[in-house]
Amino acid sequence: MKAIEINNLTKDYGNGKGIFDITLSLTHGEVCGYLGPNGAGKTTTMRHLMGFIKPQSGSASICNMNCWSNQKEIQQKIGYLPGEICFPDDMTGIAYLHLISRMRSTRDFSFAKSLINIFEFDPNIKIRKMSKGMKQKLGIVAAFMHNPDILLLDEPTSGLDPLMQSRFIDLIQSEKEKGKTILLSSHIFDEVEKTCDRVVMIRNGRLIRQITVKEMKDAQYKTYKIGFNKESDIATFALMYPNSEIDKNGKFAIVSITDSELNRLIHTLSQYEIAFFTEEKHTLEEYFMRFYGGDEK
């Protein structure tokens, strides 16, 4: 029995919007990254799994329970963090967590207290006075505090600073060691690389690629911005790297290479007077669009 199973799931909103023939399954204990541009269908997929949307065709099930027919039972058992969280603003954070705990019929609040300490926020203030980052932390605690076996997380680190993002990664790794099944939507490469076993990419409502994290690392590319002291050097460099982008003023070049090509690049640059050499950061979405963006088969 699969922890999560989606078969030919379709919800057509018209004008090419929705999800179409999505087939995806997660085994127990698997952490799967779910990647795609805004509007690709990630949130729609997760809302089907939560039983918020009735499929037009196909099916979605969790632990062999139909997500639409058994939505109340599923919602009570799994952990869910939506991409856009709507809180009752007049409540304090702690009152909201106790409300969610009662709705799930859980009495043990110890894990919630532990998570509050990990993410360092004051749950006693009114939610309307919380920053986006504090609200995100509150949502994370609400999703994890009842120790669910299955978690659906839609952009879970949105609004978190780098330190809190790192602590979230530690949390996912800890939950993974416990055998939790997690479907994680993210645009942060480090987050996915350190936590996921497999990555699935969706575009225009259709799955276009599945890849293991090991395969992803093997194909990883990096982009470097290189400043030259001499214009003649940048012209020569452009001949050796014809796919590089050259600054219109002839001051720097931008080149994208795989890790295996780095030594060759460094050897080449040793022949020139270099003003600077920096790595350009990529989102995970950009990474996948570069390698698989044109392949929809």
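These figures come from a predicted structure and were not determined experimentally. (Residues numbered from 1 in each chain as written. Predicted model: local features only at pLDDT ≥ 70, side-chain atom pairs only at ≥ 80, totals over all residues. Heavy atoms only, no water.)

Structural notes on the overall build of the chain
Along the backbone of the chain there are 11 helices and 14 strands. Dimensions of the chain, computed from the C-alpha atoms along their principal axes, are close to 70 × 45 × 35 Å. The long-range fraction of contacts in the chain, counting pairs at least 24 apart against all pairs at least 6 apart in sequence, stands at 70%. For the chain, the accessible area works out to roughly 14,900 Å², and carbon and sulfur atoms hold 47% of it. Looking at charge distribution, the chain has the averaged site of its 38 positive side-chain charges lying 6 Å from that of its 37 negative ones. (Helix = DSSP H or I, 4+ residues; strand = E, 2+ residues; numbered from the N terminus. Contact = heavy atoms within 4.5 Å. Areas by Shrake-Rupley, 256 points an atom, 1.4 Å probe, with all protein chains shown as cover. Lys, Arg positive; Asp, Glu negative; His and termini not counted. Charge placed at Lys NZ, Arg CZ, Asp CG, Glu CD.)

Regarding the nonpolar core
Judged by nonpolar contacts, the single largest core of 43 residues is most densely connected at Leu 97, Phe 144, Leu 153 and Phe 168. No other element matches the seven residues that helix α5 (residues 132-144) contributes to this core. The contact partners of Phe 168, leaving out residues within four places of it in the chain, are Phe 119, Ile 140, Phe 144, Leu 153, Pro 156, Thr 157, Leu 184 and Glu 191. One finds Ile 19, Met 65, Cys 67 and Ile 74 within the second-largest nonpolar core, a separate group that totals 26 residues. (Core = buried A, V, L, I, M, F, W, Y, C linked by side-chain atoms within 4.5 Å. Buried < 20%, exposed > 50% of the residue type's maximum accessible area, 1.4 Å probe, protein only.)

Structural notes on the packing of aromatic side chains
Counting across every chain of the model gives seven aromatic pairs. In this structure an aromatic cluster arises from ring pairing among Phe 228, Phe 237, Tyr 241 and Tyr 272. Against the face of Phe 252 rests Lys 225, its NZ or CZ located 4.3 Å from the ring centre. (Phe/Tyr/Trp six-rings, centres within 6.5 Å; stacked < 30°, edge-to-face > 60°. Lys NZ or Arg CZ within 6 Å of the ring centre and 35° of its normal.)

Notes on the pairing of strand β10 (residues 206-212)
Within a regular beta strand, the side chains point alternately toward one face of the sheet and then the other, so they alternate between its two faces. Note: strand β9 (residues 198-203) against β10, six bridges, orientation antiparallel. Paired with Val 200 across the bridge in β10 is Gln 210. Where β9 folds back on β10, the antiparallel hairpin that results is connected by two residues, among which Asn 204 adopts a positive phi of roughly 55°. (Pairing = 2+ DSSP bridges.)

Digging into unusual backbone geometry
Here Asn 8, not a glycine, exhibits a phi torsion of approximately 50°, which is positive. Mapped onto the elements of the fold, Asn 8 is located in strand β1 (residues 4-14). Here Asn 8 falls in the partly exposed class, since its relative accessible area comes to 45%.

A word on the sheet that holds strand β11 (residues 221-228)
Within a sheet, adjacent strands bond to each other through the backbone by hydrogen bonds, running parallel or antiparallel. One open sheet accounts for four strands, arranged β12-β13-β11-β14; its pairing is antiparallel. Each edge of the sheet is formed by a strand with only one pairing partner; in this case those strands are β12 (245-246) and β14 (274-280). Across two bridges, β12 lies against strand β13 (residues 252-258) in antiparallel orientation. Across the sheet, residue Ile 246 finds its bridge partner in β13, namely Ala 253. Of the strands in this sheet, β11, β13 and β14 touch helix α10 (residues 262-269), which is tilted by about 5° from β11. (Axes fitted to C-alpha atoms, helices over the stretch in contact; angles between N-to-C directions.)

So, the state of the cysteines
What the rule picks out here adds up to zero disulfides. Of all cysteine sulfurs, the one in Cys 32 lies closest to Cys 196, which takes part in no disulfide; the gap is 6.8 Å. (Disulfide = S-S within 2.5 Å.)

Structural notes on the sheet that holds strand β8 (residues 181-185)
One open sheet holds the six strands; their spatial order is β6-β7-β8-β3-β9-β10, and the pairing between them is mixed. Edge positions in the sheet fall to β6 (79-81) and β10, since each has one partner strand and no second. Strand-to-strand twist in this sheet, taken as the mean axis angle between neighbours without regard to direction, amounts to 15°. As paired elements, β6 and strand β7 (residues 150-154) share three bridges and run parallel to each other. Counterpart to Gly 79 in the pairing with β7 is Leu 151. Contacts from helix α1 (residues 42-49) reach β3 (31-35), β6, β7, β8 and β9 within the one sheet, and its direction differs from that of β7 by about 150°.

Some points on the confidence of the model for the chain
With 93% of its residues at a pLDDT of 70 or more, the chain has an overall mean of 91. Across the chain, the element-wise mean pLDDT spans from 61 in helix α11 (residues 284-292) up to 98 in strand β4 (residues 57-62). (pLDDT = per-residue confidence, 0-100.)

Overview of the pattern of salt bridges
As enumerated under the stated definition, the model contains eight salt bridges in all. As a salt-bridge pair, Lys 77 and Glu 73 come within 3.5 Å of each other at their nearest N and O atoms. Pair noted here: Lys 77 and Glu 73 are both in helix α2 (residues 71-77), with a separation of four residues, about one helical turn. Note on Glu 73: relative accessible area 34%, which makes it partly exposed. A salt bridge links Glu 120 to Arg 167; the nearest nitrogen and oxygen atoms lie 2.8 Å apart. You can see Glu 120 sitting in the loop between α4 (110-119) and α5 and its partner Arg 167 sitting in helix α6 (residues 162-177), a full 47 residues away along the chain. (Salt bridge = Lys/Arg side-chain N within 4 Å of Asp/Glu carboxyl O.)

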